Amino acid sequence: MDHTSWPLSLTAQSFRAGPSPDFLPPAELRQLQTERLRQTVQLAYDKVPLYRQRLAEVGLVPADVRTLDDLARLPFVTKDDLRDGYPLGLFAVPMGEVVRLHASSGTTGRQVLVPYTRADLGVWTEAMIRTLVRFGVGPHDVVQNAYGYGLFTGGLGVHYAAEAIGATVVPISGGNAERQIDVMRDFGTTVLCSTPSFFLQVADRAQELGVDLRRLGLRVGVFGAEPWSEPMRSRIQQAADIEAFDIYGLAEIVGPGVAGECPVHQGLHVLEDHFFPEIIDPASGCPLPDGEEGELVLTTLSKQAMPMLRYRTGDVTAICPGPCPCGSSLRRILRVSHRSDDLFIVRGVNVYPSQIESALLAVKGTLPHYQIVLTEQDDQERAEVRVEVTPEMFSDRIGVLEELQEKLTRRIRQAAGVGIDVRLVEPRTLARSEGKARRVVDQRHKDKAS
Ligand code: DLL
């Protein structure tokens, strides 16, 4: 089988019939990656002025990139480069060859436009098929796809792959928790795809309505698009009696399907025959060895419309050392617990929302709904964590709430290394989102302005 032409000829049938690239012998995988890297560097150099200029600045031509080790000699590309070139700056093909456009979420600054050729859609669908198959999704499943359909890549990314597998797809998109529950029950949903925070909203609504999600036919949850923690996984699995899988991706690279867990749940396999991962020290830009946490940098190996060479994702993770017990030769990354720009500083100590989430959810009596509010007074940064607690807690003695608050404050101090105020709030009082949750509300500049 010619692996280099694999994505172009993909059909669900050939995927099922052929050997999965997840299990290529490592030497063959490296060979394939090297060939594809050379092609990608040549394409980027020939078609994208920014890459030609950046390579010239470091005195390189495509022929200098011969092995995977040479990748480290290439300059990085950042989200700012994409924004500066908005809308078509990094396109490597004319619009006539582009069959779809998506966009990155654009939560900070201008959004980024992402083009796909027909072959790129083939690569994406293939990556997503392989990921869903690893999650155990098959032709007999009913896949309720509660990722948003539209410019966001979640909806269509899952959609075409689940269809290609032969599953029954319910393209419900995000939002309307009650309708999601009706559909789950009436359509016999077995696989639910959404952001973890939206799923928790659905679980809450089900409880209000007296529907026990554990008694529906749900089997598998496909959760990603935002950071979530191990304690959050436990809460989700318990609420619906499902196996919850972590799926990672970003529009600039392809969308969901860049990496995903296997049933071992010890890291996410990167589809590295298409997306090559490196971990760098965010400050120095130097590559870090396996096992060390840093910023994930990705290089696309088979994309045509917008090849990406050493894209700095801003996401913090590490490459897991050693092989996975599942037998796949694809390397794994740890769950992405935060982005490097999620960091906030309280009295000189660096804190990430994920540290707070893990501490909060490890304590009984809390609900998995919280928000961190940052303010500034007299040039001092203050952080307050607001967390919902169970209705039983509120109906109980006041002393119980005080005990809980003390316990949470202690746990957070241990986890974050600094004291952070904790405010307990009643259930259903914090804002909910239908897509990605907004965990940090930053009021610091507002405070300064007023
Ligand atoms: O969120 C693609 C996606 C859709 C992934 C559905 C998974 C499921 P963007 O909107 O471009 O694309 O946002 C990408 O979201 O750089 C991470 O910071 C974050 N992110 C995505 N998946 C995960 C995850 C989609 N599993 C940005 N864990 C990325 C943590 C994630 N963060």
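Computed from a prediction, not measured in an experiment: that's the story for all the values here. (Residues numbered from 1 in each chain as written. Predicted model: local features only at pLDDT ≥ 70, side-chain atom pairs only at ≥ 80, totals over all residues. Heavy atoms only, no water.)

Before going further, it helps to examine the pattern of salt bridges. Enumeration over the complete set of coordinates arrives at 31 salt bridges. Glu 126 is the salt-bridge partner of Arg 130, the closest N and O atoms lying 2.5 Å from each other. One end of the pair, Arg 130, and the other, Glu 126, are both in helix α5 (residues 118-134), 4 residues apart, so they sit about a helical turn from each other. Owing to a relative accessible area of 1%, Arg 130 belongs among the buried residues under this scheme. (Salt bridge = Lys/Arg side-chain N within 4 Å of Asp/Glu carboxyl O. Helix = DSSP H or I, 4+ residues; strand = E, 2+ residues; numbered from the N terminus. Buried < 20%, exposed > 50% of the residue type's maximum accessible area, 1.4 Å probe, protein only.)

On to the sheet that holds strand β3 (residues 142-145). Taken in spatial order, the 8 strands make up an open sheet running β4-β3-β5-β6-β7-β8-β9-β13, and their pairing is mixed. Whereas interior strands pair on both sides, the edge strands pair on one side only; in this sheet they are β4 (168-170) and β13 (332-333). Sheet strands touched by helix α7 (residues 177-187): β3, β4 and β5 (191-194). Its angle to β3, the strand with the most contacts, is close to 170°. Packing of helix α9 (residues 230-240) onto the sheet brings it into contact with β6 (220-224), β7 (243-250) and β8 (255-261), and relative to β7 it is tilted by some 130°. (Pairing = 2+ DSSP bridges. Contact = heavy atoms within 4.5 Å. Axes fitted to C-alpha atoms, helices over the stretch in contact; angles between N-to-C directions.)

Turning our attention to the sheet that holds strand β14 (residues 338-339). In space, the 4 strands of this open sheet follow the order β10-β11-β12-β14, with antiparallel pairing throughout. Bordering the open sheet on either side are β10 (275-280) and β14, each of which pairs with just one other strand. Sheet topology places strand β11 (residues 294-300) next to strand β12 (residues 311-317); 4 bridges connect them, and they run antiparallel. Of the residues in β12, the one forming a bridge with Leu 298 is Tyr 311.

The next point concerns the pairing of strand β17 (residues 366-377). Counting buried positions over the 12 residues of β17 gives 11, a clear majority of the element. Here β17 runs beside strand β18 (residues 380-389); their pairing, made up of 9 bridges, is antiparallel. From the neighbouring strand, Gln 377 faces β18, where its bridge partner is Gln 380. Taken together, β17 and the strand that follows it, β18, pair antiparallel across an intervening segment of 2 residues, in which Asp 378 is found at a positive phi of about 50°.

Under the defined criterion, the tally for this structure stands at 5 aromatic pairs. Taken together, a centroid distance of 4.5 Å and an interplanar angle of 20° make the contact between Phe 135 and Phe 245 stacked. Taken together, the residues span a long stretch of sequence, with Phe 135 in the loop between α5 and β3 and Phe 245 in strand β7 at a distance of 110 residues. The pair Phe 135 / Phe 245 is uniform in exposure class, with both members buried. Ring-pair connections join several aromatic residues into one group, and the members of that group are Phe 199, Phe 223 and Trp 228. The lysine or arginine in question, Arg 312, covers the ring of Phe 76, its NZ or CZ lying 5.3 Å from the ring centre. When the ring centre of Phe 276 is taken as origin, the NZ or CZ atom of Arg 331, which lies over that ring, is 5.1 Å away. (Phe/Tyr/Trp six-rings, centres within 6.5 Å; stacked < 30°, edge-to-face > 60°. Lys NZ or Arg CZ within 6 Å of the ring centre and 35° of its normal.)

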